[in-house]
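What the coordinates show
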Amino acid sequence: MTFDDVIGQAEAKQRLLQMADEGRLPHAMMFCGPKGSGKMALAMAFASYLLDTQQSPNAKAMLAKMEHPDLHFTYPTIKLPSMGSDHKPVSDDFAREWHDLIMNGPYFTMDQWMQRIGAENQQAIITAGESDALIRKLSLKSSQGGYKVSIVWLPERMNIECANKLLKLIEEPPIQTLFMLVCEEPDKLLETIRSRVQRIDIRKIDDDSMRHALITRRGLSEDMAQRVARIANGNWLKAVEELETGNENELFLDLFQSLMRLAYQRKIKEMKRWSETMAGYGREKQKRFLEYLLRMARENFMYNFGKPELCYMSQREEDFARNFARFINEGNILKINGITNRAIRDIGQNANGKIVFFDLALQMIVLLLQK
C-alpha cells in the first residue's frame, strides 16, 4: 500500500509527508472526511511509508501483504454464536476476514465489512476487550526497531469502556507508537479523545483525479469516466457503486420512463399494471427505485437551467431529459419529492406495494400538468 494507491488527495499527502520529513509527527492523528474520500487509504499509505523507511530488509514484502508485525488494525466486530458468554470480541477474532477485505483495496464500506463477517442484524462495535488486546500489543517492543502504528477504523463505534481505555493509552502512549484514527462521525467520539489527537481533514476527491482513476483502474472511456465522476461527486465508493449497479439503473430508467409516459397519457389500466410490476420487487429494491426517482426528478429539474455542470446523468438519462425535463418545474418539483419520500416511508413500514405505487402513479398525473 503506497500513496500511489490513494486517489487524488495531493494536498493531504503533501502535508503528511512534510510532517514526517520535518520530524513533527504527533503521537495520535484522526483522519476525518466524507465517505469515499480515501481516509483509510491515506492512513494505510502513510503507515506503510513510515514503516518502510525504517530500513528493514523485509519491510516492503510484509507491507505489500499488510502483514507487518508493527502495524496493528482495530475495527468494529460482532459476537458470534460460537463465542463464549464471557468472551469480548476483538479484532483478532476476525483477522482473516479483515485481511481479505483490505487486500481487495483500501476503499470499502461498513456494509461490505458486515457481509464479510456474516453479521445479519447485529450492531458492530469495538469492545473493551479490544482496548485490552491493544494495550498488550503496543506494550511490546517494536519488532523492526522503529515505529509501532495502530490504525483504528471507525473509533466512534467504541463502547464507553473501550473509549476510556483508549483515551488513557493516547494520553500515555507506549514509546514510538503512533495512533491513526479513521473517523466518519467525529462528533460521536469522546470530546477528551478529540482534544488529544491532531485532526487531518480530508476533502472529497477532485473530479480530475476521479476521472483519471476511472480510466486507468476501471478501463472507462473518457466520456463515460467524466459522467461517472460527476455523479460520484468526490466519492470513490459511489463511483464504484454506479458502475456495479449499472444494470439496475438501466432497469430503473425504463421504469421511470414508463411511469412518466403513462402518467402523461393518463393510461390508468397500464399504470395499474406498472404498479403491480413494482409490487413484485422486494422492498429494498422498491426503495432503491424510489430514491432513483428522486434523483431523476432533481436532475430533470436542473436540466431546465441549461447548465450541464449542474446535471449528473448518464447518456440515456440525458437523452430522455431532453424532451421530458420541461415537465419538472417550480410548480411540481417539491410535491414530487414529497409524494416520493412518503412512498419510501410507507414501503419501509410494510405498506401494500400495489397501493403505494398506484397512488404515486395517480398523483403523478396531476403533478405533471402543473406549471
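One can find the structure itself at the top, above this paragraph.
Read on for an overview of the structure. (Residues numbered from 1 in each chain as written. Predicted model: local features only at pLDDT ≥ 70, side-chain atom pairs only at ≥ 80, totals over all residues. Heavy atoms only, no water.)

1. Points about the packing of helix α9 (residues 207-218) against helix α10 (residues 222-232)
Here is the rule we go by: Only the stretch in contact is used when a helix axis is fitted, and all axes are lines through C-alpha atoms; the angle between N-to-C directions ranges over 0 to 180 degrees. Labels follow the DSSP assignment, with helices taken as runs of H or I lasting at least four residues and strands as runs of E lasting at least two, numbered in each case from the N terminus. Roughly parallel covers angles under 35 degrees, roughly antiparallel covers those over 145, roughly perpendicular covers 65 to 115, and oblique covers all other angles. Put simply, a crossing is left-handed when the front helix is turned counterclockwise from the back one by less than a right angle, and right-handed when it is turned clockwise. A contact between two residues is defined here by any heavy atoms of the two lying within 4.5 Å. Asp, Glu, Lys and Arg are counted as charged, while Ala, Val, Leu, Ile, Met, Phe, Trp, Tyr, Cys and Pro are counted as nonpolar; the rest, among them Gly, fall into the polar class.
Taken N-terminus to C-terminus, the directions of α9 and α10 make an angle of 130°; their axes are 8 Å apart at the nearest point. In terms of axis orientation, α9 runs oblique to α10. In the packing of α9 onto α10, the handedness of the crossing is right-handed. Between α9, through Asp207, Met210, Arg211, Leu214 and Ile215, and α10, the contact on the second element is made entirely by Glu222, Ala225, Gln226, Val228, Ala229 and Ala232. Among the residues forming the contact of α9 with α10, the class breakdown is 7 nonpolar, 1 polar and 3 charged.

2. Let's talk about helix α4 (residues 95-103)
Operational definition: Categorising residues by exposure relies on relative accessible area from a 1.4 Å probe, with only protein chains included: less than 20% of the type maximum marks a residue as buried, more than 50% marks it as exposed, and the intermediate range marks it as partly exposed. Each direction from the helix axis to a C-beta atom contributes to the arc, which is the arc of those directions.
Listed in full, the buried residues belonging to α4 are Glu97, Trp98, Leu101 and Ile102. Considered in projection along α4, the buried side chains sweep an arc of 125° and stay on one side of the axis. Its buried side turned inward, α4 meets α2 (39-52), β2 (71-74), α5 (110-116) and β3 (148-153). Following α4 by one or two positions, Gly105 adopts a phi angle in the positive range, close to 135°.

3. Points about the pattern of salt bridges
Going by this rule: By definition here, a salt bridge exists when the distance from a side-chain nitrogen of Lys or Arg to a carboxyl oxygen of Asp or Glu is within 4 Å.
This model, assessed by the stated rule, comprises 26 salt bridges. As a salt-bridge pair, Asp201 and Arg199 come within 2.7 Å of each other at their nearest N and O atoms. For Arg199, a relative accessible area of 40% corresponds to the partly exposed category. With a closest N to O distance of 3.3 Å, Glu284 and Lys287 form a salt bridge. With a gap of 3 residues between them, Glu284 and Lys287 both fall in helix α14 (residues 283-303), about one helical turn apart. Linked by salt bridges that have partners in common, Lys88, Asp132, Glu161 and Lys165 make up one network.

4. A look at unusual backbone geometry
For Gln176, which is not glycine, the phi torsion reads 55° and is therefore positive. Mapped onto the elements of the fold, Gln176 is located in the loop between α7 (160-171) and β4 (177-183). Classification of Gln176 by relative accessible area gives partly exposed; the value is 42%. Although it is not a glycine, Arg266 sits at a positive phi angle of roughly 55°. Among the structural elements, Arg266 can be located in the loop between α12 (246-265) and α13 (268-279).

5. Some thoughts on the packing of aromatic side chains
Worth spelling out the cut-off: Pairing of aromatic side chains requires ring centres within 6.5 Å, counting the rings of Phe and Tyr and the six-membered ring of Trp. Pairs whose planes differ by under 30 degrees are stacked, by over 60 edge-to-face, and all others tilted.
Counted according to the given criterion, the structure contains 20 aromatic pairs. Ring centres 5.7 Å apart and planes at 50° place the aromatic pair Phe73 and Trp98 in the tilted group. Taken together, the positions of Phe73 in strand β2 and Trp98 in helix α4 put the pair 25 residues apart, joining distant regions of the chain. In this structure Trp98 comes out as buried when scored by relative accessible area, which is 3%. Taking 5.6 Å as the distance between ring centres and 45° as the angle between the ring planes, the aromatic pair formed by Trp98 and Trp153 counts as tilted. A residue pair is termed long-range when its members are at least 10 positions apart, and Trp98 in helix α4 and Trp153 in strand β3 qualify at 55 residues. Residue class for Trp153 comes out buried when judged on its relative accessible area of 5%. An aromatic cluster is defined as three or more aromatic residues linked by ring pairs; in this entry it consists of Phe73, Tyr75, Trp98, Phe108, Trp113 and Trp153.

6. Remarks on helix α6 (residues 128-139)
Short version of the rule: Each helix should span, by expectation, one fewer than its residue count multiplied by 1.5 Å.
For α6, spanning 12 residues, the distance from its first C-alpha to its last is 17 Å, which sits close to the expected 16 Å at 1.5 Å a residue. When α6 is considered as a whole, its buried residues turn out to be Ala128, Gly129, Glu130, Ser131, Ala133, Leu134 and Leu138. Each element contacted by the buried residues of α6 is listed here: β2, β3, α7 and β4.

7. With respect to the environment of Leu101
Inspection of the secondary structure assignment puts Leu101 in helix α4. Owing to a relative accessible area of 5%, Leu101 belongs among the buried residues under this scheme. In this structure, the C-alpha to C-alpha distance between Leu101 and Asp21, residues 80 residues apart in sequence, is 31 Å. Ignoring any residue separated from it by four or fewer positions in sequence, one finds Leu101 in contact with Phe108, Trp113 and Arg116.

8. Quick word on the sheet that holds strand β5 (residues 198-201)
Strands belonging to one sheet form pairs held by backbone hydrogen bonds; the direction of such a pair is parallel or antiparallel. How we decide: Any two strands are treated as partners once DSSP identifies two or more bridges connecting them.
Read across the sheet, 5 strands follow the order β2-β3-β4-β1-β5 without closing on themselves; strand pairing throughout is parallel. On the outer flanks of this sheet lie β2 and β5, each paired with one strand and no other. Averaged over neighbouring strand pairs, the angle between their axes works out to 20° when direction is ignored.

9. Details of the packing of α14 against helix α16 (residues 333-348)
Between α14 and α16, the least distance of the axes is 9 Å, while the angle of their chain directions is 170°. When the axes of α14 and α16 are compared, the pair comes out roughly antiparallel. Each of Arg283, Gln286, Lys287, Leu290, Glu291, Leu293, Leu294, Ala297, Arg298 and Phe301 in α14 lies in contact with α16, whose residues at this interface are Ile333, Ile336, Asn337, Thr340, Asn341, Ala343, Ile344, Ile347 and Gly348. The class makeup of the residues in the contact of α14 with α16 is 10 nonpolar, 5 polar and 4 charged.

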